[in-house]
Amino acid sequence: MSEEIKNGKVVSFSYTLRDEDGNVVEQSEPGRPLEYLHGNHNIIPGLENQLTGMKQGDTKVVKVEPKEGYGEYDNNLLFKVPKANFPQEVELYPGMEFQTDTDEGVMIVTIKEIDGDTVIVDANHPMAGQALNFDVKIESVRDATDQEKAHGHVHAHGHDH
Ligand code: ZN
């Protein structure tokens, strides 16, 4: 029985994510596909949309433009922070990532530049402004349980509440 991916289905898929230069950015571990509830925006919208209608065993190369992925690169997300605000014992360098608490929760930010006593911090997602290329294989498609539908997410691997 092959079920098509549509809203209310729990989809399990394996994937490899490559950037525009073909470098592997991220991939699912072998034998440990990602599971999500289709139609609930549990994964990035550009990927979710293009999985609609696929079936178990199907493979596809899905290209996602920045606006449907991690967003366009936004210069307004560059912030100047006094170096004195950082822990003194940490040696700062461009490309360094760290967590920070904001009004909208914990964010990962990247140090873009160090200019004297000022640190320029980039709060864009590391993949912002980039097209994403996913190699996707659908491992299984099943109906969501009523509880999963009510919660809007998957209860996998014995997770229940
Ligand atoms: Zn739940």
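Keep in mind that this is a model prediction, so the values were computed, not measured.

Draft legend 1. Quick peek at unusual backbone geometry. One non-glycine residue, H41, lies in positive phi territory at about 55°. One can find H41 in the loop between β3 (34–37) and α1 (45–51). On the basis of relative accessibility, which here comes to 61%, the residue H41 falls in the exposed class.

Draft legend 2. How the structure looks around the side chain of S28. Within the secondary structure, S28 sits in the loop between β2 (24–27) and β3. At 2.9 Å, the side chain of S28 and the backbone nitrogen of Y15 are in polar contact. Setting aside its immediate chain neighbours within four residues, S28 contacts S14 and Y15.

Draft legend 3. A look at the pairing of strand β1 (residues 9–18). Of all 10 residues that make up β1, nine are buried, and the element is covered over most of its length. Here β1 runs beside strand β9 (residues 132–143); their pairing, made up of 10 bridges, is antiparallel. Note on β9: the bridge partner recorded for V10 is R142. Pairing of β1 with β3, which is carried by four bridges, proceeds in the antiparallel orientation. Bridge pairing in β3 links F13 to L34. Here three bridges tie β1 to β2, and the two strands are oriented antiparallel to one another.

Procedures and definitions
Residues numbered from 1 in each chain as written. Predicted model: local features only at pLDDT ≥ 70, side-chain atom pairs only at ≥ 80, totals over all residues. Heavy atoms only, no water. Helix = DSSP H or I, 4+ residues; strand = E, 2+ residues; numbered from the N terminus. Buried < 20%, exposed > 50% of the residue type's maximum accessible area, 1.4 Å probe, protein only. Polar contact = N/O pair within 3.5 Å; in protein donor to acceptor, adjacent residues only side chain to side chain. Contact = heavy atoms within 4.5 Å. Pairing = 2+ DSSP bridges.

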